[in-house]
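# Structural features, examined
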Amino acid sequence: MKNVKSPILTLGLFAASVGCSLVYADAQDDPLLTSVMIDQLETGLNSGDATNVSAQAWLGYDLNKLWLKVDSEYTSSDEQELEVQALYSHAVAPYWNLQMGVRQDIKPTPTRHWAVLGVQGLAPYWFDIDAALFLGEEGRSAVRLSVEQEWLVTQKLILTPEIEMNAYSQNDAKTNIGSGLSDISAGLRLRYEITRKFAPYIGLDWSRKLGNTADLVRSDGESISETQFVVGVKAWF
Amino acid sequence: MTEFKKTSDQHACAPQSTFTNKSVSRRQFVFGASALLAVTAIPFSRNAVADAIARPLTELSGRVFDLTIDYQTVNITGEPAQATVINQLLPGPLLRWKEGETVTLRVKNNLDRDTSLHWHGMILPTGMDGVPGLSFGGIKPGETFEYQFPVKQSGTYWYHSHSGFQEQTGAYGAIVIEPKDAEPVAFDREYVVMLSDWSDEAPESIYANLKKQSDYYNYHERTLSDLFADIKKQGLVNTWKARSMWNQQRMTDRDISDVTGATYTYLINGNSPAQPWQALFKAGEKVRLRVINSSAMTIFDVRIPGLKMTVVASDGQNVQPVTVDEFRIGVAETYDLIVEPEAGNAYSLFAQSIDRSGYAIGHLTSDYGLSAKVPAMDPVPILTHGDMGMKMDMANMDHSSMAMGADSMSGHSMQGHAMDHSSMPMGADSMSGHSMQGHAMDHSSMTMGADSMSDQSMQGHAMDHSSMTMGADTMSGQSMQGHAMDHSSMTMEGIGLAGYGSNSELVHLESEQGPQVDMRADAPQSGLNDPGIGLREHQEKYHRKVLTYADLKGLHATKDKRQPSREIQLHLTGNMDRYMWSINGLKFADSEPLELSYGERVRITLVNDTMMTHPMHLHGMWSELETGDPDYIPRKHTVLVQPGSKISYLVTADALGQWAYHCHLLYHMPGMFRKVVVK
């Protein structure tokens, strides 16, 4: 669990550092604000299931923000993933932000570095979209698309279906990544907003490796598909 | 005549009624710091607190007033919270002035930051207006600022801090000015009814929450069960169609109020619904209610079940009496009503928030022993396409083709179209559907305008309109503009005659494009005859006559009968999702001042390019609302602009200096604000 804490710690430090300088000038229309959003902090119900953290934080103004994204998955000390993105987010349309910056895949090793160019926003019919192009070392490139919706069962009980997929331009055997569409995951989470800012949830998370990536994973004797029942909490402040 | 001084003695559940000290002890619920320590140590029941708070306003009268602004811990919801109070009171003291006198107000700042008091609706020298950065530098901590100005008007007004978000936390009070001449309104007793919204949350937190999640306080969103109900009722295809526009636009038709009863407790004279404010009357009395909306964010719909209300003044200015069952009061507006309650009865004065997430309530009673029924709130309003300023779904194809050309159409040609309808056999009553209503309204506004016009101008007007509408079916948008121009040569300046509203073409400026603006109304309806979202069917459904702006006619003749020399079209803009508000797409910080020449008569046309109802307040000068009668134009200081609608008023720039002009929704104000310079 030690490594799972590190992104939380990172976010915490980030929040603390900006929290101190937080200014509410008198009725300033566009005050410097900060937000930390723990979108998923969850664990699988079966032993051996992974513990996941997916969080974002931002610091900035209406149209321009510094944006941090952290994704972490911890199954065991030799099976863990940790990815951090540090981005500059600029509003380009009423519902869309252009995001540019860097991504570091800290785990698994060796660490990979990427430049990021992405868009995050709300598409018609209420699809929350996060799509990015990543350019890495040695001519590597990758794309990621995640799509999410929120369905209100009641005003406080909210069902969230989401899909994410990744594709890579070339094989990277050291990190078990093959070229082409590498993985797809889908989740369905049902949260109850005790307050707007704190909502425990239960959910179902399914993921599958594809193509060359699946071959690499299979050759390691690992399973290419996973289904987990999860419990977790979504929170922001 | 007045009842303010007596009411505390008459109060049944007022253990402190023997207090005569006006400034401190009368409001038991305002705890000092030491009192709070004592109170938190003793478990107190909510009722014990509530009993103490159903109290009348404290009144100060004379020519010289000493006011102090302090932080105080108050308990309105059952939890202690920090308020900003004037003379230790929430609301601050009721100030009673006399027209023709000069008042002096010494305002001491006991806060740790700047403060100010703005005398809302008062016509006064710019230096006395109390807007930091425009009229003066603000009142620094520990300092006292002396306001002094002659009182040149009478009626019901109010005052509030114009610094930061202090107004949200209690820094407001009522002003009643007795007229120099005979009061035209007969009444036996009067009460101030000060509506407000209270939150235990700090206003800065509310603002930050909205910036991070704009629907943070909205618990009236559409749910899956609504969806299934709609599908069951209308079928899948129709449900998809009905929701398609909203879904494409990423907007919700349930977006009525930014801040709701989820955090607000709604107050009358500082009293929550847990212990309603009470007011006594005697048999046969005519009671004047001076209703003031001193909320930060809440528009109220007010009614007194069982009583007709005769509106005699709006924003302090007398209007020709109009009797209604219900009226909407925007933030910062005031309405004076005459009611004639029957002895042996108790009545609820019921003010439900526009989004129906809560209400403020008080009781009018001939006997404190009587209790009045609390009415149920009306259904949650649902926005229509018309509220987005979009073309309306008309059964008649001609209509929709007209509306479709609206991009290039002037407001005038829309009205002309409406005019055409009045001659159609299909009256408003036989029309069905929500979105039709706006249309029917346009038409009635035209007819009304025509009635009160002189014969000659009416002929010219009507002739021109008919020629326009005749061609409308076959004409393109462009040739229609040509017609509008023909018309302009007939009126003085082509922008429409004073009193009847704007004829000008709708123009969306380049500055409206960008991430800060999520919507532009292409076919704004007239906001004049529209009772507003959530009130439109009340006549039909409940037989309640709802006041509209078209009902307001000045009691006194229009003073400045000049035609407007020019028109300023301002678009109220925003991005709800990002919680950004602006005018013409530019927030205050990025905008140039609006310049008026001293003495000129101009028309301001406000086009609402958002789905929110915005109360727009011009400081220093009257907003003379064009309600269809040029001879009796009502004067207002705050004008509600309905979603996706437009409205016009005339302004005589007779006040030199710098003035504020802004949306009076507190969390819209920082962006939706302009400096007006008269020179």
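In this text the structure is predicted, and so the values were computed from the model without any measurement. Numbering of residues starts from 1 in every chain and runs along the sequence as written. A letter from A marks each chain and a number from 1 marks each ligand, given out in the order of writing. A pLDDT threshold of at least 70 governs which residues receive local features in this predicted model, and a stricter bar of 80 or more applies before side-chain atom pairs are shown or counted, although totals over entire chains, interfaces and linings include all residues.

### A short note on the sheet that holds strand 25 (residues 594-596) of chain B
Residues and elements named next belong to chain B. One open sheet holds the 5 strands; their spatial order is 25-33-32-27-30, and the pairing between them is mixed. Taken across any chain shown, the strands that pair with only one partner, and hence form the sheet edges, are strand 25 and strand 30 (638-641). With direction set aside, neighbouring strand axes in the sheet form an average angle of 20 degrees. Strands pair, by our definition, only if DSSP identifies at least two bridges between them. Each helix is a run of DSSP H or I of at least 4 residues and each strand a run of E of at least 2, with the numbering of both proceeding from the N terminus. For strand 25 and strand 33 (residues 673-678), the ladder comprises 3 bridges, and the chain directions are parallel. Each bridged residue has a counterpart across the sheet, and for Leu594 the counterpart in strand 33 is Val676. Every axis in this analysis is a line fitted to C-alpha atoms, fitted for helices over the stretch in contact. Angles between the N-to-C directions lie between 0 and 180 degrees.

### Remarks on unusual backbone geometry
With an omega dihedral of -5 degrees, the bond running from Lys107 of chain A to Pro108 of chain A counts as a cis peptide bond. Within the element layout of this structure, Pro108 of chain A appears in the loop between strand 5 (96-107) and strand 6 (112-123). Residue Pro91 of chain B is reached from Leu90 of chain B by a cis peptide bond, and omega for that bond is -10 degrees. Mapped onto the secondary structure, Pro91 of chain B falls in the loop between strand 4 (80-86) and strand 5 (94-98). In this structure, Asn87 of chain B is a non-glycine residue whose phi angle is positive, near 55 degrees. Among the structural elements, Asn87 of chain B can be located in the loop between strand 4 and strand 5.

### Some points on the domain arrangement of chain B
Residues and elements named next belong to chain B. As assigned here, chain B comprises domain 1 (7-183) and domain 2 (388-678). By the convention adopted here, residues are in contact when the distance between their C-beta atoms, placed from the backbone, does not exceed 7 Å. Taken together, the contact pairs 11 residues of domain 1 with 11 residues of domain 2. For the side of domain 1 that touches domain 2, the class distribution of residues is 4 nonpolar, 5 polar and 2 charged. The domain boundaries here were taken from an automatic or database domain assignment. Here the term charged refers only to Asp, Glu, Lys and Arg, the term nonpolar to Ala, Val, Leu, Ile, Met, Phe, Trp, Tyr, Cys and Pro, and the term polar to all other amino acids, Gly among them.

### With respect to the interface of chain A and chain B
The partner chain B presents 32 residues to the 24 residues of chain A that form the contact. Sorting elements by how many residues they give to the side of chain A that touches chain B places strand 4 (residues 79-93) of chain A first, with 3 residues. Of the residues assigned to the side of chain A that touches chain B, the class counts are 16 nonpolar, 4 polar and 4 charged.

### Things to note about the sheet that holds strand 21 (residues 359-365) of chain B
Residues and elements named next belong to chain B. Taken in spatial order, the 5 strands line up as 13-21-20-15-18 in an open sheet, and their pairing is mixed. The open sheet terminates on both sides in strands that have one partner only, identified here as strand 13 (277-280) and strand 18 (326-329). The mean inter-strand angle of the sheet, taken between neighbouring strand axes irrespective of direction, is 20 degrees. Where strand 15 (residues 300-303) meets strand 18, 4 bridges bridge the pair, whose relative direction is antiparallel. Bridging from a neighbouring strand, Phe300 pairs with Ile329 of strand 18.

### Let's talk about the pairing of strand 21 of chain B
Residues and elements named next belong to chain B. Residue burial here comes from a neighbour count, namely the number of other C-beta atoms, placed from the backbone, that lie within 10 Å of the residue's own C-beta, with 20 or more meaning buried, 12 or fewer meaning exposed, and in between meaning partly exposed. Counting buried positions over the 7 residues of strand 21 gives 7, a clear majority of the element. Burial of strand 21 is two-sided: the residues Tyr359, Ile361, His363 and Thr365 facing one way and the residues Ala360, Gly362 and Leu364 facing the other way are all buried. As paired strands, strand 13 and strand 21 are joined by 4 bridges and run parallel to one another. The residue of strand 21 that forms the bridge with Leu280 is Thr365. Bridging between strand 20 (residues 346-353) and strand 21 involves 7 bridges; their strand directions are antiparallel. Directly across from Leu349, in strand 21, lies its bridge partner Gly362.

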